[in-house]
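Observations on chain architecture
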Amino acid sequence: LAAGPLKGRRVLVTSGPTHEPIDPVRYIANRSSGVQGTAIARSLAALGAEVVFVTGPADVPPPEGVQVIRVQSASEMADAVAAALPVDAAVMAAAVADWRVKTASGSKIKKVAGALPVLEFEENPDILATVSQMASGRPALVVGFAAETDDVVAHATAKRARKGCDWIVANDVSPATGIMGGTENAVVLISDAGAEEWPRMGKQAVADRLAKRIAAEIG
Ligand code: C5P
């Protein structure tokens, strides 16, 4: 482990999308690349943290020097997060699917001419809210993310209150920004102190800046 302000601190990072199975060969997912979460884990490790990196199927490999736990679905991610606790800080950058298929088929659903399958959904556990609202053993700092397409600050501020996390890193992912799947990010850090707008920069630069802030808070 690197020497640095986070030496001796254990930090959990969730990252990437989740895949929710329909049957053994099909799934429902979202457009998260895992780039921002991976960059955050890398930055935290560089500052000396012991990083537990829980990742869904991302487009990029995990960083060096972290403990990697690979998961597919939101329920698997929830279990992996529970197993990783206790931690000093939790950074929940994963784009967790809100719903899963209620009864995923154990065998491939066959195509039948003229008959369309109907999928019924049920809600996935909200991992961020669960960790934020733990009665005992809650991480000292819980950071959530908010990908919004409109009224970014208002929606993210409401989300922070609803989930009970300490900070929200909010970004505008409307298609015109090119942020989803891109190399840059423009975020607003929402905390007790209000909304702090960061200039547009590379995702690794966002990660470095966030990791420094985390070190200032819990280091
Ligand atoms: O409610 P929404 O999905 O927009 O919230 C985003 C934040 O909540 C992210 O930090 C994400 O990792 C977290 N989240 C979660 N579990 C869910 C849904 C979202 O941890 N089921």
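Residues numbered from 1 in each chain as written. Predicted model: local features only at pLDDT ≥ 70, side-chain atom pairs only at ≥ 80, totals over all residues. Heavy atoms only, no water.

To continue, consider the UniProt feature "binding site: CTP" (unreviewed entry) in the chain. Using the residue numbers shown here, the UniProt feature "binding site: CTP" (unreviewed entry) corresponds to Asp 98, Lys 108, Pro 125, Asp 126, Ile 127, Leu 128, Phe 145, Lys 159 and Lys 163. The greatest C-alpha distance among the residues just named is 37.6 Å, and with 66 residues of sequence between them they are spread in space as well. Within this annotated set, the largest pocket is lined by Asp 98, Pro 125, Asp 126, Ile 127, Leu 128, Phe 145, Lys 159 and Lys 163. Within the secondary structure layout, Asp 126 lies in the loop between strand E8 (121-123) and helix H3 (127-132). (UniProt positions renumbered as here; feature names shortened; annotations may be inferred. 1 Å grid on protein atoms, 1.4 Å probe; cavity = no way out; pocket = protein on both sides within 12 Å on 5 of 7 lines; lining within 4 Å. Helix = DSSP H or I, 4+ residues; strand = E, 2+ residues; numbered from the N terminus.)

Turning our attention to the site of the ligand. In the vicinity of the ligand, the contacting residues are Met 92, Ala 94, Val 96, Asp 98, Pro 125, Asp 126, Ile 127, Leu 128, Gly 144, Phe 145, Lys 159 and Lys 163. Between the ligand and Pro 125, the relevant distance is 2.8 Å, taken from a nitrogen atom to a main-chain nitrogen or oxygen of the residue. The side chain of Lys 163 places a nitrogen or oxygen atom 2.9 Å from an oxygen atom of the ligand. If you map the ligand onto the pockets, it falls in the largest pocket. Of all elements in the fold, only H3, strand E9 (141-148) and helix H4 (152-163) reach the threshold of two or more residues within the shell around the ligand. In terms of residue class, the shell around the ligand is built from seven nonpolar, one polar and four charged. (Near = heavy atom within 4 Å. Polar contact = N/O pair within 3.5 Å; in protein donor to acceptor, adjacent residues only side chain to side chain. Sits in = over half its atoms within 2 Å of the grid points. Nonpolar A, V, L, I, M, F, W, Y, C, P; charged D, E, K, R; others polar.)

Further remarks concern the pairing of strand E13 (residues 194-197). Direction of pairing for strand E12 (residues 187-191) relative to E13: antiparallel, over a ladder of four bridges. When the bridges of E13 are listed, Ile 190 appears paired with Ala 195. Adjacent in sequence and paired antiparallel, E12 and E13 are bridged by two residues. (Pairing = 2+ DSSP bridges.)

With that out of the way, let us pick up the pattern of salt bridges. Applying the stated criterion across every chain, the model contains 10 salt bridges. Between Asp 126 and Lys 163 there is a salt bridge; the shortest N-O distance is 2.6 Å. Of this pair, Asp 126 sits in the loop between E8 and H3 while Lys 163 sits in helix H4, placing them 37 residues apart in sequence. We note a salt bridge from Asp 166 to Arg 138, for which the minimum N-O separation is 3.1 Å. In this pair, Asp 166 sits in the loop between H4 and strand E10 (167-172) while Arg 138 sits in the loop between H3 and E9, placing the two residues 28 residues apart along the sequence. (Salt bridge = Lys/Arg side-chain N within 4 Å of Asp/Glu carboxyl O.)

We now examine H4. Compared with an ideal rise of 1.5 Å per residue, which puts 12 residues at 16 Å, H4 spans 16 Å between its outermost C-alpha atoms and is within 8% of the ideal. Along H4, the residues classified as buried are Val 152, Ala 156, Lys 159, Arg 160 and Lys 163. The buried residues of H4 occupy an angular sector of 105 degrees when the element is viewed end-on, so they sit on one face. With respect to the buried face of H4, the exposed residues turned more than 90 degrees away are Ala 154, Ala 161 and Arg 162. Summarising the contacts, the buried residues of H4 are in contact with H3, E9, E10 and E12. Just downstream of H4 lies Gly 164, where phi reads positive at about 85 degrees. (Expected span 1.5 Å × (residues − 1). Buried < 20%, exposed > 50% of the residue type's maximum accessible area, 1.4 Å probe, protein only. Arc of directions from axis to C-beta. Contact = heavy atoms within 4.5 Å.)

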